[in-house]
Amino acid sequence: MPELPEVETTRLGLLPTVLGQRIASVTVRDRRLRWPIPRNLAKQLTGKTVIDIARRGKYLLWDCRLDDARGYLLSHLGMSGSLRVINADDENLLPQKHDHLDIGFDSGVTIRYTDPRRFGAMLWIAGPLPAHALIDALGPEPLSGEFGGAHLQAAAKGRSVSVKEFIMNSQVVVGVGNIYASESLFRAGIHPGRSAGKVSRPRFVRLADAIKYTLQKAIDAGGSSLRNYVQTNGELGYFQVNACVYDRAGLPCRVCQTLIRTFRQGQRSTYFCPHCQK
DNA sequence: CGAGAGTCCTGAAGGC
DNA sequence: TGCCTTCAGGACTCTC
């Protein structure tokens, strides 16, 4: 499932193919995503040139222009989505069951959006600014200088919610999904069930550093995922072979050999080492 | 405002 | 073999 590293990997994979390229056609096969694909999306995109693709959290913002007309394709991969590059001479050009949208370019290349569970999004933001309710209230980027222990502590003041759910809240910090939340808390030595408001400043500093480390390492590795992530070139993504705790319930901790435990938080599975995390 | 539950969806996995 | 149930997950949305 795409987390921030996969989204960043996707962005980097798309850039050399689509930058400066004009969109020749848009084919929508199934509008039913997290929100319906707007009926005017194809009309808005066709003829425009992609100037840039920026990332905000797990959203991608495709900056599209045609003369003075400007707007942004706002895309999200949900949990099973992928965007891949298909060249005109590729085999298997025929769309498969869950290939919901194609963006064809003058160059002959097609960007194909696939999303079996349809939790993703493809929306259109009209105008010169990438402003949209879905991204306007987002917290800082985890890899930016803006994000650190001080930010976490300030945002956690008075909050009783568990620290794991806290760091998964996109208004606190973007891009920390279920896998990396458990992994980061393990690295920081913090029990996931602890109240966010009761975590000390030094431990928040450790946690922020752990989040940065975990995400950066995954980005460097080219993105990791569990099952059905597909990189932009169509190759399977890296499997999550390096997880310390995620999906390792009952297996020995890689540090202390204590058995990893799991429990539910906010309808999500959490994994932790009862010895290493307090 | 915060906390917690509900919601969308499909495919994998487990039970019988 | 095949049907039925349960679970997984991002993150918005609703309720209290």
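Per chain, residues are indexed from 1 in the order of the written sequence. Labels are handed out in written order, letters beginning with A for the chains and numbers beginning with 1 for the ligands. pLDDT decides what is reported in this predicted model: residues at 70 or higher carry local features, side-chain atom pairs at 80 or more are listed and counted, and totals for whole chains, interfaces and linings draw on all residues regardless. Each side-chain value is derived from all of the structure's non-hydrogen atoms; neither hydrogens nor water enter the calculation.

**Quick word on the protein's contact with DNA strand B**
In the vicinity of DNA strand B, the contacting residues are Lys97, His98, Pro116, Arg117, Arg118, Phe119, Arg159, Ser160, Val161 and Gln267. Proximity criterion: a residue is near a molecule or strand once any of its heavy atoms comes within 4 Å of it. Take the atoms of DNA strand B that sit within 4 Å of the protein: sugar and phosphate atoms are 61% of them. Here Ser160 contributes a backbone N or O atom positioned 2.6 Å from a phosphate oxygen of DNA strand B. N or O atoms within 3.5 Å of each other form a polar contact, as long as, within protein, one can give a hydrogen and the other can take it, and as long as residues adjacent in sequence are counted only when both atoms are side-chain atoms. One of the side-chain N or O atoms of Gln267 is found 3.3 Å from a base nitrogen in DNA strand B. Partitioning the surface near DNA strand B into residue classes produces three nonpolar, three polar and four charged. Only Asp, Glu, Lys and Arg are considered charged, only Ala, Val, Leu, Ile, Met, Phe, Trp, Tyr, Cys and Pro nonpolar, and every remaining residue, Gly among them, polar.

**What about the sheet that holds strand E8 (residues 121-126)?**
Strand pairing requires that DSSP identify at least two bridges connecting the strands. Segments assigned H or I by DSSP are reported as helices when at least four residues long, segments assigned E as strands when at least two residues long, and all are numbered from the N terminus. A sheet is described by the order of its strands in space; here four strands give the open sequence E2-E3-E4-E8, paired in antiparallel fashion. The open sheet is flanked by strand E2 (49-56) and E8, the only strands paired with a single partner. Direction aside, the axes of adjacent strands within the sheet are offset by 20° on average. Pairing of E2 with strand E3 (residues 59-66) involves seven bridges; the strand directions are antiparallel. Considered in E3, the bridge of Asp52 is made with Asp63. Whether two residues are in contact is decided by their heavy atoms: any pair within 4.5 Å suffices. Note on definitions: angles span 0 to 180 degrees between N-to-C directions of axes, and those axes are lines fitted to C-alpha atoms, for helices only across the stretch in contact. Docked against the sheet, helix H1 (residues 4-18) engages E2 and E3, running at close to 165° with respect to E2.

**Looking at the packing of aromatic side chains**
What counts as a ring pair is set by centres within 6.5 Å for rings of Phe, Tyr and Trp (its six-membered ring), and what kind of pair is set by the plane angle: stacked under 30 degrees, edge-to-face over 60, tilted for all other angles. For the coordinates displayed, the defined rule picks out three aromatic pairs. Seen from their ring centres, Phe263 and Phe272 are 5.5 Å apart, and the 85° between their planes marks the pair as edge-to-face. Given the relative accessible area of 27%, Phe263 is considered partly exposed. In this scheme, the term charge over a ring applies when either NZ of a lysine or CZ of an arginine sits within 6 Å of the ring centre and within 35 degrees of the ring normal. Above the plane of the ring of Trp35 lies Arg34, whose end atom (NZ or CZ) is 4.7 Å from the centre. The ring of Tyr213 carries the charged tip of Arg187 above its face, separated from the ring centre by 3.6 Å. Classification of residues uses two cut-offs on accessible area relative to the type maximum, computed with a 1.4 Å probe and protein chains only: under 20% is buried, over 50% is exposed, and between them is partly exposed.

**Digging into the nonpolar core**
As used in this record, nonpolar core signifies buried Ala, Val, Leu, Ile, Met, Phe, Trp, Tyr and Cys residues forming a set joined through side-chain atoms within 4.5 Å. Core analysis: the largest hydrophobic core is formed by 27 residues, its most contacted members being Leu45, Trp62, Leu83, Ile111 and Met122. Per element, the largest residue contribution to this core is four residues, and it comes from H1. Residues contacting Leu45, with those up to four places away along its chain left out, are Ile23, Val26, Cys64, Leu73, Ile103 and Trp124. Among the nonpolar cores identified, the runner-up in size contains 25 residues, and Leu4, Phe166, Ala210 and Leu215 belong to it.

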